[in-house]
Amino acid sequence: MATPQAQLAEIDPVWSRIRGEAEDAIAAEPLMGGLVHSSVLHHQSFACALAYRLSLKLASDEMPAQILREIIDGAYAAEPELVVSARADLVATYERDPACHRFLQPLLYFKGYQAIQSYRLGHWLWQENRRDLAYFVQMRVSETFGVDIHPAARIGRGVMIDHAHSVVIGETAVVGDNVSMLHSVTLGGTGKEEQDRHPKIGNGVLIGAGAKVLGNIRIGDCSRIAAGSVVLIDIPACKTVAGVPARIVGEAGCAQPSVSMDQTFKGE
C-alpha cells in the first residue's frame, strides 16, 4: 500500500514537492521552523497554504488577516481556476528564474509571485462586483510589494514577474499566457481617455526591465521587448523591438522568448 506521501505525490505533485522542500528547509535551518510550519506544513493543500500566506502579506490594521483568509478561501472555493493559475505561475517562476531553486521559494519569499496571486484575488472580486474590496487589495499589493495592477486588468496563466519592483499594469491591459516581465515594466495609457487605453500583450512575450508599453496597442505572440524600450505602436508576432521609441530590430530569435529569457540581441 502506498504511503501518504506517495499518494499525495501522485494526486498533487506540486504540493507534495513543496512539502518535501519545507521539511528540508527546517532540517537545514531550524530557526525557520515556525514560519515554514505555519506557512506550509500546517496546511492540507496548496490552496490553503497560499490563502494563509497572502492573508498575512495583505493584512493591515484596517483589514485583519483572519477576514482576508476567509475572503481568499471563499474565492478559491468559488473559482478553482485561481489555484490552477497560481500553480502555473509557480512552475513558470521555477523554470525561468535562475535564482529560483525550489518550488518553496515563490510561495514564501518572491514578491512578484505573491503580487500576481494577490492581483488574481482582486480580479475575482472585481468580476463579482465587489469593487471596493478589489480596490483595497490593489492598494495593499502596491503598498506591500511595490506592484500596482488594476483589478480589472486581464492576465493569463504561467506568468512570471521577476524582481517585480515598480511594475504597473493598467485597467484595460490584457496579458496573455506564459508571459515574462522584469522589474519597472509599465503597461500604461497615453492620456486621459477613459475607454480601452492599455496594451494587449500576446502569449509567450518577454518584456525587459524598465520597458514601457503605452496605449491601446498589440504586442504579437512570442515577441521580445528590450530593456528600457518605449513601445508606442503595434508589434507583429515573433519580433524583437528596442529603443526610444521602439522599433523592430529583428526576429524574436526563438520559439518562446518568455521561457528562454534570452535578452541579448546579436543582429540579423
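Computed from a prediction, not measured in an experiment: that's the story for all the values here.

Q: Please set out the overall build of the chain residue by residue, giving values where relevant.
A: The secondary structure content of the chain amounts to 10 helices and 15 strands. Computed over its C-alpha atoms, the radius of gyration of the chain comes to 19 Å, within 12% of the 18 Å expected for a compact globule of 268 residues. Referenced to the eigenvectors of the C-alpha coordinate spread, the extents of the chain come out at roughly 55 × 40 × 30 Å. For the chain, buried positions account for 52% of its 268 residues. Look at the contacts in the chain between residues 6 or more apart in sequence, and 45% of them connect residues 24 or more apart. By element, 54% of the accessible surface of the chain is carried by carbon and sulfur atoms, the whole surface being about 12200 Å². Computed over 24 positive and 30 negative side-chain charges, the inter-centroid distance for the chain is 3 Å.

Q: How would you sum up the nonpolar core? Please name residues and give values.
A: Nonpolar side chains in soluble globular proteins generally cluster together in the buried interior. By size, the foremost hydrophobic cluster in this structure holds 74 residues, and its most contacted members are Ile-18 and Leu-187. Not counting the four nearest positions on each side in its chain, Ile-18 is found in contact with Val-40, Phe-46, Leu-90, Phe-103, Leu-104 and Leu-107. Among the nonpolar cores identified, the runner-up in size contains 5 residues, and Leu-182, Leu-206, Ala-209 and Met-261 belong to it.

Q: Summarise unusual backbone geometry; cite the residues concerned and give the values.
A: Cis geometry is adopted by the peptide bond preceding Pro-245, which originates at Val-244 and carries an omega value of -10°. Relative to the helices and strands, Pro-245 is located in the loop between β14 (239-243) and β15 (246-251). Despite not being glycine, His-163 shows a phi value in the positive range, around 65°. When you line up the elements, His-163 lands in the loop between β3 (160-161) and β4 (167-169). Residue classification places His-163 among the exposed residues on the basis of a relative accessible area of 53%.

Q: Give me the lowdown on the packing of helix α2 (residues 13-28) against helix α6 (residues 81-96), citing residues and values where you can.
A: Where α2 meets α6, the axes come as close as 11 Å, and the angle between the chain directions of the two elements is 55°. Taken together, α2 and α6 sit at an angle that is classed as oblique. In this structure, α2 meets α6 at a crossing whose hand is left-handed. Taken together, the residues of α6 that come into contact with α2 (itself represented by Val-14, Trp-15, Arg-17 and Ile-18) are Arg-87, Leu-90, Val-91 and Tyr-94. Partitioned by chemical class, the residues of the contact of α2 with α6 number 6 nonpolar, no polar and 2 charged.

Q: Could you give an account of α2, with specific residues and numbers?
A: Spanning 16 residues, α2 covers 22 Å between terminal C-alpha atoms, matching the ideal 22 Å at 1.5 Å per step. When we look at burial in α2, the residues that qualify are Val-14, Trp-15, Ser-16, Ile-18, Arg-19, Glu-21, Ala-22, Ala-25 and Ile-26.

Q: Please provide a residue-by-residue account of the UniProt feature "domain: Serine acetyltransferase N-terminal" (unreviewed entry) in the chain, values included.
A: Within this structure's numbering, the places UniProt gives as "domain: Serine acetyltransferase N-terminal" (unreviewed entry) are residues 14-118. In residues 14-118, helix accounts for 76% and strand for 0%; the two terminal C-alpha atoms are 20 Å from one another.

Q: Now, about the packing of helix α4 (residues 46-58) against helix α5 (residues 65-78): what can you tell me, with residues and values included?
A: Packing of α4 against α5 brings their axes to within 8 Å, and their N-to-C directions diverge by 140°. One way to sum up the angle between α4 and α5 is to call them oblique. Here α4 and α5 pass one another in a crossing that is right-handed. Residue-level contacts link Ala-47, Cys-48, Leu-50, Ala-51, Tyr-52, Leu-54, Ser-55, Leu-56 and Leu-58 of α4 to Ala-65, Leu-68, Arg-69, Ile-72, Asp-73 and Tyr-76 of α5. Its residues assigned to classes, the contact of α4 with α5 comprises 12 nonpolar, 1 polar and 2 charged.

Q: If you had to explain the pairing of β15 to someone new, which residues and values would you point to?
A: With 5 bridges joining them, β14 and β15 adopt antiparallel strand pairing. Residue pairing for β15: Thr-240 is matched across the bridge by Gly-250. The hairpin turn running from β14 into β15, its antiparallel successor, is 2 residues long.

Q: Go over the side chain of Thr-240, please, and point to the residues and values.
A: With respect to the secondary-structure elements, Thr-240 resides in strand β14. According to the relative accessible area criterion, Thr-240 is buried, its value standing at 4%. Polar contacts involving the side chain of Thr-240 include one to the side chain of Arg-224, which spans 2.9 Å. Separated by 2.8 Å, the side chain of Thr-240 and the backbone oxygen of Glu-251 make a polar contact. Excluding anything up to four places from it in sequence, Thr-240 contacts Arg-224, Arg-247, Ile-248, Val-249, Gly-250, Glu-251, Ala-252 and Phe-265.

Q: Which residues make up the packing of aromatic side chains, and what values do they have?
A: In the structure shown here, the tally under the stated rule is 2 aromatic pairs. When the ring of Tyr-94 is compared with that of Phe-103, the centres are 4.9 Å apart and the planes differ by 75°; the resulting orientation is edge-to-face. Here Tyr-94 falls in the partly exposed class, since its relative accessible area comes to 27%. Between the aromatic rings of Trp-126 and Tyr-135, the centroid separation amounts to 5.3 Å while the plane-to-plane angle is 85°, which identifies the pairing as edge-to-face. Overall, Trp-126 belongs to the buried group, its relative accessible area being 12%. For Arg-17, the ring lying beneath its charged end belongs to Tyr-94, and the centroid distance is 4.7 Å. A cation over a ring is seen here: Arg-131 above Trp-126, with NZ or CZ 3.9 Å from the ring centre.

Calculation rules
- Residues numbered from 1 in each chain as written.
- Predicted model: local features only at pLDDT ≥ 70, side-chain atom pairs only at ≥ 80, totals over all residues.
- Heavy atoms only, no water.
- Helix = DSSP H or I, 4+ residues; strand = E, 2+ residues; numbered from the N terminus.
- Rg over C-alpha atoms; globule rule 2.2 N^0.38 Å.
- Buried < 20%, exposed > 50% of the residue type's maximum accessible area, 1.4 Å probe, protein only.
- Contact = heavy atoms within 4.5 Å.
- Areas by Shrake-Rupley, 256 points an atom, 1.4 Å probe, with all protein chains shown as cover.
- Lys, Arg positive; Asp, Glu negative; His and termini not counted.
- Charge placed at Lys NZ, Arg CZ, Asp CG, Glu CD.
- Core = buried A, V, L, I, M, F, W, Y, C linked by side-chain atoms within 4.5 Å.
- Axes fitted to C-alpha atoms, helices over the stretch in contact; angles between N-to-C directions.
- Parallel < 35°, antiparallel > 145°, perpendicular 65-115°, else oblique.
- Left-handed = near helix turned anticlockwise from the far one by under 90°.
- Nonpolar A, V, L, I, M, F, W, Y, C, P; charged D, E, K, R; others polar.
- Expected span 1.5 Å × (residues − 1).
- UniProt positions renumbered as here; feature names shortened; annotations may be inferred.
- Pairing = 2+ DSSP bridges.
- Polar contact = N/O pair within 3.5 Å; in protein donor to acceptor, adjacent residues only side chain to side chain.
- Phe/Tyr/Trp six-rings, centres within 6.5 Å; stacked < 30°, edge-to-face > 60°.
- Lys NZ or Arg CZ within 6 Å of the ring centre and 35° of its normal.

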